[in-house]
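Single-letter residue listing:
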Amino acid sequence: MSMILKTGQVTYNLGPLARLPHGEGRTFQIGTHSIAVFRTRNDELYATQAACPHKGGPLADGLVGDGKVVCPLHSYKFQLATGASIGNTCAALETYPITLSPDGDILLSLDA
Amino acid sequence: MQKQRLVIIGNGMAGARLVEEILAHQGGDQYDIVVFGEEPYGNYNRILLSNVLAGSQDSADIFINPLAWYKEHGVTLHAGSRVDAIDCTLKCVYASDGTVMAYDKLVIATGSSPAIPALANLYTPERKLQKGVFAFRTIDDCTGMLDYATQARKAVVIGGGLLGLEAARGLLNRGLEVHVAHVAKHVMNVQLDTMGGKILRSSLEKMGVSLHLQKRTNAILGDGQVEGLGFEDGSTIDCDMVVISTGIRPNIELAQQAGIAVERGILVQDDLSCSVPDVYAIGECTQHRGCTYGLVAPLWEQAQCLAERLTHPDSEKLYLGSRTSTKLKVLGVDLAVMGDKEEVDEDDEVVVYSEPSRGVYKKLIVRENKIAGAIVIGDGSVTPRLLQLFDRRSPLPENRDELLFQLSGESKEVNVADMPDDTQICNCNGVSKGKIVSCVKSGKRSLKTLCDATRAGTGCGSCMSQVKSLLEYAAGDALVEDPSIHYYVPGVPLTKPALIEAIKEQQLRSVSSVFAALAGGKEDPGSKAGLASLLKTIWGKDYEDQRDARFINDRVHANIQNNGTFSVIPRMYGGVTSAKELRRIADVAEKYQVPMVKVTGGQRIDLVGVAKDQLPAVWNDLGMPSGHAYTKSFRTCKTCLGSEYCRYGVGDSTALGINVEKRYQGIETPHKLKLAVSGCPRNCAESTTKDIGVIAIEGGKWEVYIGGAAGASVRKGDVLCVVDSQEDVLLYMGRFMQYYREQARYLERTHGFVERMGIEKLRQILLEDSEGICQRLDHDIQSAVDSYVDPWQEAHAPATPAQFANVLQPVEQVAAL
Ligand code: SRM
Ligand SMILES: Cc1cc2nc3c(=O)[nH]c(=O)nc-3n(C[C@H](O)[C@H](O)[C@H](O)COP(=O)(O)OP(=O)(O)OC[C@H]3O[C@@H](n4cnc5c(N)ncnc54)[C@H](O)[C@@H]3O)c2cc1C
Ligand code: SF4
Ligand code: FES
């Protein structure tokens, strides 16, 4: 599987899938970007902004399931695929294209 | 469209509310609003003048809308300007500041004035009240009284009505000797029956107010300054201050002179219009269907109705009169009256309870199984319910005593219908009554959808009962019962017993297997932690731990804080430590530059603000076990000094507390468990308000309390048993813990659980073994104790990849394709 890169985007290799535990997230620091990367129990990958728009909670530390993440600080919920907020008035999360390389590496694209 | 001009005379409670309501209806686009107010201020809350007089509020704090508010909202206020005449033909008003203002629509909201009786020697030659004599209506009256009271000694209030008693309270608080002279046989005779009046009288006297009943004042004594009062019966009383509070008189002169129809008040129709076109009236100056009012509730309704009519010309809204009820504190006595005070029909049923020695009196008049009237003195707890039944004309329960008494321990409900819309209900998320009600109206008619939509009740949860009442109140019959409230967790549609059965039957040992088998594979993130806790309780050592099912705190064994750092609380058994331990903690704090070191409410030390990636090293250096200040589990056991050192101690509370904590540390429970052991009934460890609390009593015995609370709710625990030995304390404690683990809902604290089960029932089960499960409970809690492993051991072998990483770095940038 390969990834079609839009011009003006940069792709990063975040390392092998095993870097992330099942059903959890981790925060990645890529240059000035803080990005939360999630691996669901059935190995879907998602990437969103790391900080909760509510009060900056670390979303990667949240509980994940059913395509959603629950912020660990005040339990605001967001849709992982679209970043849309659920039941709160926060702005949607930034989301980023993320995929798995044929070698099993996590690839994340950012605007350059 | 050209704007019309709306002129409002009177900037009191009614006038100002009308302006607010009109603005809320976007009426600012239709009207140029011009307000004349005789008082030289913005708008203030007249009701609160009683508090200002009593010193419990500052006069600056009672303003609702200051002058600037009018400016901001484009409303022209002529403050300190009295309207002297209305010309209904030319459609204009003439004000004392020389303004002549034409109107398209006119609203009269002139309120009322104190009714001043004709007393000899009342006025100075300049027609002012004698020095030392006051009426009680305006903020200026109030300031005048406060100034004068500083040098006065003894005051007499003429009139023992509601307002008179409020004035008496105020002056009493200001340190004056206070008397009340009243014409009728008992005080507040308009609202209260004879018995009620009597009870109130003795309460008032106990507080130091002297009452002079059946006394008609006819003269002010003194020359140039009040020195006393003369009564019709020839007697006198000396005093140096007088407050006249003998009723109110609607301000109708202005209307009357303009040819507008008046009787006792300005006559208004159901649409609040007067007898002259384009003129309306609201508030205390009006008379509607024969009634005049002296309370604010009716005028809120009037203002609302008129605002709607003025802004929506096709509105059919009518004001149909108000049923008034009053709830207040007169001199600190809770008092509520509604409807009739005596029976009217022969068939009226009267239910009375009276307890003069405590100043309690409750009376219900029931007609056609509804409340036709009620008086409640000295017990505010039953009032909200009565008010609600009265307002809604609801049918009553057969047992009338349920209405008059509140079972002890029942939490006090407030009458949500009564609260103003801007009352904050949820203090954690700042959600107002108005917001909740409008959300219900917009269709969120089950508790869960309502809470999800407003976030009310999702903080500490202490407002939940009020949110529930509001839902009932706003949804009425349209209330939707939410089946998920009976589920153990929202994402698996089963009650706790059914869930446990299914888990055991299908041998489901991990959270994901539960979702797969019982929830169609849908992994609700909000249900994970609850399921993990339950599975751990059911399977103990055989539980298949999946880390993603844990809340972050339980993944890293510390408590997350608002900036993403964590707090570390090492265990300090029974709150007892040593110099060596303290030194180690101090060293760690220094070495890792811990931003704050804090003594907790749980008798141990908190290292606050530790970064995630430092946690393993911190634990390592501390060399102490985790204090579990994060997970839903046994937390701490506080102790006091006890018999070892304290001169009152009758039991060794520290030794027992340490044993308790060593035995039960880290045991998972549906919600946290906080314990305490006190060495004598002085209860210095606050055992009676703990989930499980122990108190040593004389004779080598120990009392075991369960279901105490002193967090968001406060509850005194119930005595489960009194035992002779420390071993027995541990035994019954453990038995209760295991039963709680099995039976309680997720996140149900013991106080809710014990109350739900009932202490009698729990005693039967746990002491008399009525269900034959005690032996099993003892066995299961022992296995839980045996399978405990200190989570900080993970410092040496992380359980998941990058378990403690703050952030990860990418491996490389991929070359563009
Ligand atoms: C550290 C401590 C405050 C302190 O500095 O003293 C504390 C801190 C927190 N308490 Fe507490 N509570 C602390 C003693 C208490 C006490 C007093 C006590 O334990 O004797 C109470 C009242 C008793 C009780 O438990 O009800 C208390 C009632 C609460 C509650 C309300 C529970 C309730 O429903 O009544 C919460 C909220 C909850 O549990 O959902 C809470 C929740 C919290 C949390 C964990 C909030 C959270 O989820 O992040 C706080 C962690 C702050 C942080 O940044 O680490 N804390 N908290 C105390 C730790 C005691 C310990 O050594 O373990
Ligand atoms: C001390 C005190 C405590 C009270 N406590 C309670 C209570 O606990 N509960 C309760 O329900 N009610 C209470 N009330 C009654 C409540 O305050 C009144 O029902 C309410 O204020 C009536 O509102 P209104 O707008 O009709 O009259 P007001 O608030 O009196 O407003 C009328 C305004 O019109 C102005 N005005 C009059 N004539 C003219 C004119 N010609 N030109 C320009 N302006 C004019 C007046 O100066 C006044 O500011 C209390 C009253 C007082 C005085
Ligand atoms: S420590 Fe407890 S009381 Fe203090 S802010 Fe946190 S939760 Fe609230
Ligand atoms: S910071 Fe995320 S919910 Fe508050």
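Conventions and cut-offs
- Per chain, residues are indexed from 1 in the order of the written sequence.
- Lettering of chains starts at A and numbering of ligands starts at 1, both following the order in which they are written.
- Given that the model is predicted, a residue must reach a pLDDT of at least 70 before its local features are reported, and side-chain atom pairs must reach 80 or more before they are shown or counted; all residues, however, enter totals for whole chains, interfaces and linings.
- Values reported for side chains reflect all heavy atoms of the structure, with hydrogen atoms and water molecules removed beforehand.
- The helix and strand labels rest on DSSP assignments: H or I over at least four residues marks a helix, E over at least two residues marks a strand, and numbering proceeds from the N terminus.
- We call a residue buried when its accessible area falls under 20% of the maximum for its residue type, exposed when it is over 50%, and partly exposed in between, using a 1.4 Å probe and counting protein chains only.
- Here, Shrake-Rupley sampling with a 1.4 Å probe gives the accessible areas, and only protein chains in the shown set may cover a residue.
- Only heavy atoms matter for contacts: two residues are in contact if any of them lie within 4.5 Å across the pair.
- Buried area, as used here, totals the accessible surface that two parts lose on assembly, with accessibility defined by a 1.4 Å probe and the loss added over both.
- Each reported salt bridge corresponds to a side-chain nitrogen of Lys or Arg within 4 Å of a carboxyl oxygen of Asp or Glu.
- Under this definition, polar contacts are N or O atom pairs within 3.5 Å; protein pairs additionally need one hydrogen-donor-capable and one acceptor-capable atom, and for neighbouring residues in sequence, both atoms have to be side-chain atoms.
- Three categories are distinguished: nonpolar for Ala, Val, Leu, Ile, Met, Phe, Trp, Tyr, Cys and Pro, charged for Asp, Glu, Lys and Arg, and polar for the others, with Gly belonging to the last.
- Criterion used throughout: strands pair if DSSP finds at least two bridges between them.
- Whenever a helix is involved, its axis is fitted only over the stretch in contact; in every case the axis is a line through C-alpha atoms, and angles between N-to-C directions fall within 0 to 180 degrees.
- Geometric relationships in this document are graded by angle, where less than 35 degrees denotes roughly parallel, more than 145 denotes roughly antiparallel, 65 to 115 denotes roughly perpendicular, and other angles denote oblique.
- By convention, the crossing between two helices is left-handed when the near helix turns anticlockwise from the far helix through less than a right angle, and right-handed when the turn is clockwise.
- Whether a residue is near a molecule or strand is decided by its heavy atoms; if any one of them lies within 4 Å of it, the residue is near.
- UniProt positions are given in the numbering used here, feature names are shortened, and annotations may be inferred rather than shown by experiment.
- The criterion is simple. A nonpolar core is a set of buried Ala, Val, Leu, Ile, Met, Phe, Trp, Tyr and Cys residues joined through side-chain atoms within 4.5 Å.

**Student:** When you look at the overall build of chain A in this model, what are you seeing that I'm missing?
**Tutor:** Along the backbone of chain A there are zero helices and 10 strands. Listed by position from the N terminus, the elements making up chain A come as β-β-β-β-β-β-β-β-β-β. Buried residues in chain A amount to 56% of all 112 residues. Summing over all exposed atoms, chain A offers an accessible surface of approximately 4700 Å²; the carbon and sulfur share of this is 52%.

**Student:** It is not clear to me how the interface of chain A and chain B should be interpreted in this structure. Could you clarify?
**Tutor:** Often the size quoted for an interface is simply the accessible area lost on bringing the parts together. Listed as interface residues are 38 residues of chain A and, on the opposing side, 36 residues of chain B. In total, chain A and chain B occlude about 3100 Å² of area from one another, counting both sides; carbon and sulfur atoms represent 56% of this. For chain A, the biggest contributors to the area lost against chain B are A:Arg41, A:Asp61 and A:Leu63; these three give 21% of the whole. Our enumeration of links across chain A and chain B arrives at four salt bridges. Notably, a salt bridge pairs B:Lys612 with A:Asp61, separated by 2.7 Å at the nearest N-O pair. Linking chain A with chain B are 14 residue pairs in polar contact (both at pLDDT 80 or more), by the criterion used here. Among the elements of the structure, strand 1 (9–16), strand 2 (24–30), strand 5 (63–65) and strand 6 (68–70) of chain A are those that each provide at least two residues to the side of chain A that touches chain B. Across the side of chain A that touches chain B, the residue classes tally to 19 nonpolar, 11 polar and eight charged. The pairing of strand 1 of chain A with strand 41 (residues 812–814) of chain B spans three bridges and is antiparallel. Residue pairing for strand 41 of chain B: A:Thr11 is matched across the bridge by B:Val814.

**Student:** Looking at this model, I keep getting lost on the environment of B:Ile365. Mind explaining?
**Tutor:** Residue and element names in this part refer to chain B. The topology assignment puts Ile365 in strand 26 (residues 360–367). C-alpha of Ile365 to C-alpha of Lys341: the two residues are 24 residues apart in sequence and 7.7 Å apart in space. Excluding anything up to four places from it in sequence, Ile365 contacts Asp340, Lys341, Glu342, Glu343, Asp348, Glu349, Lys370, Ile371, Ala372 and Gly373.

**Student:** Explain unusual backbone geometry to me, please; I cannot follow it from the model alone.
**Tutor:** Positive phi, normally seen in glycine, also occurs at A:Ser75, with a value near 65 degrees. Look at B:Ala802: it is not a glycine, yet its phi comes out positive at around 55 degrees. Of note, B:Ala802 is situated in the loop between helix 24 (774–786) and strand 41.

**Student:** What should I look at first to understand the packing of helix 11 (residues 433–441) of chain B against helix 12 (residues 447–454) of chain B in this one?
**Tutor:** How two helices sit against one another is set out by the angle between their axes and by the gap between those axes. Residue and element names in this part refer to chain B. Where helix 11 meets helix 12, the closest approach of the two axes is 10 Å, and the angle between their N-to-C directions is 125 degrees. In terms of their interaxial angle, helix 11 and helix 12 are classed as oblique. Our pair here, helix 11 against helix 12, has a crossing hand that is right-handed. From helix 11, Lys435, Ile436, Cys439 and Val440 reach across to helix 12, where they touch Leu450, Ala453 and Thr454. Residue classes in the contact of helix 11 with helix 12 are distributed as five nonpolar, one polar and one charged.

**Student:** In this structure, what is going on with the site of ligand 2? I would like to understand it.
**Tutor:** Residues and elements named next belong to chain B. The environment of ligand 2 is made up of 30 residues, and the closest members are Ala14, Glu39, Arg46, Arg137 and Glu284. Val83 places a main-chain nitrogen or oxygen 2.9 Å from a nitrogen atom of ligand 2. For ligand 2, whose unbound accessible area comes to 990 Å², protein coverage reaches 91%. Those elements that place two or more of their residues in the shell around ligand 2 are helix 1 (13–24), strand 2 (31–37), helix 2 (49–54) and helix 8 (296–311).

**Student:** Honestly, the pairing of strand 37 (residues 701–706) of chain B in this entry has me stumped. Any pointers?
**Tutor:** Along any regular strand the residues' side chains alternate between the sheet's two faces. All names here are of chain B. Across the six residues that make up strand 37, a large majority, five, are buried. In this sheet, strand 37 lies alongside strand 36 (residues 692–697) in antiparallel orientation, the contact comprising six bridges. Across the sheet, the residue bridging to Ile692 is Ile706, located in strand 37. Count of turn residues in the strand 36/strand 37 antiparallel hairpin: three residues, of which Gly699 carries a positive phi of about 90 degrees. Here strand 37 pairs with strand 40 (residues 718–723) via five bridges, running antiparallel. Residue pairing across strands places Ile706 opposite Asp718, the latter belonging to strand 40.

**Student:** What is the right way to look at the UniProt feature "binding site: [4Fe-4S] cluster" (unreviewed entry) in chain B in this model?
**Tutor:** All names here are of chain B. Mapped onto this numbering, the UniProt entry gives "binding site: [4Fe-4S] cluster" (unreviewed entry) at Cys640, Cys646, Cys680 and Cys684. Over a stretch of 45 residues, the named residues converge on one spot in the fold, their C-alpha atoms separated by at most 10.9 Å. With respect to the helices and strands, the residue Cys646 is situated in the loop between strand 34 (634–639) and helix 20 (653–664). With respect to the element layout, Cys680 can be found in the loop between strand 35 (673–678) and strand 36. If near-sequence neighbours (up to four positions away) are discounted, Cys680 is found in contact with Tyr648, Gly649, Val650, Ile695 and Ala696.

**Student:** Looking at this structure, how should I read the packing of helix 22 (residues 750–757) of chain B against helix 23 (residues 759–766) of chain B?
**Tutor:** All names here are of chain B. As a packed pair, helix 22 and helix 23 sit with axes 6 Å apart at the nearest point and diverge in direction by 90 degrees. Relative to helix 23, the element helix 22 is oriented roughly perpendicular. Judged by residue contacts, Phe753, Val754 and Met757 of helix 22 engage Ile759, Lys761 and Leu762 from helix 23. Taken together, the residues of the contact of helix 22 with helix 23 sort by class into five nonpolar, no polar and one charged.

**Student:** Sorry, what's going on with the nonpolar core here?
**Tutor:** When a protein is soluble and globular, its nonpolar side chains tend to lie buried together. Residue and element names in this part refer to chain B. Counting residues in each nonpolar core, the largest one holds 55 residues, and the members touching the most others are Ile33, Ile86, Val93, Ile108, Ile260 and Ile266. Among all residues touching Ile266, those that are not within four sequence positions of it are Ile108, Asn251, Ile252, Ala255, Ile260, Ala261, Cys274, Ala281, Cys285, Thr286 and Gln287. Grouped together as the second largest cluster of nonpolar side chains are 41 residues, Leu165, Leu192, Leu200 and Leu213 included.

**Student:** Is there a simple way to explain the pattern of salt bridges in this structure?
**Tutor:** Side chains bearing opposite charge may pair, as long as their charged atoms lie close to each other. For the structure on display, the rule yields 49 salt bridges over all chains. The partner of A:Glu24 in a salt bridge is A:Arg26, with the nearest N and O atoms 3.1 Å apart. Take A:Glu24 and A:Arg26: they sit in the same class, and that class is buried. A salt bridge links A:Asp66 to B:Lys522; its shortest N-O distance comes to 3.7 Å. Placement of the pair is A:Asp66 in the loop between strand 5 and strand 6 and B:Lys522 in the loop between helix 15 (511–518) and helix 16 (525–539), with the two residues belonging to separate chains. Residue classification places A:Asp66 among the partly exposed residues on the basis of a relative accessible area of 29%. For B:Lys522, a relative accessible area of 48% corresponds to the partly exposed category. Taken together, the salt bridges that share partners define one network made up of B:Asp340, B:Asp345, B:Asp348 and B:Arg367.

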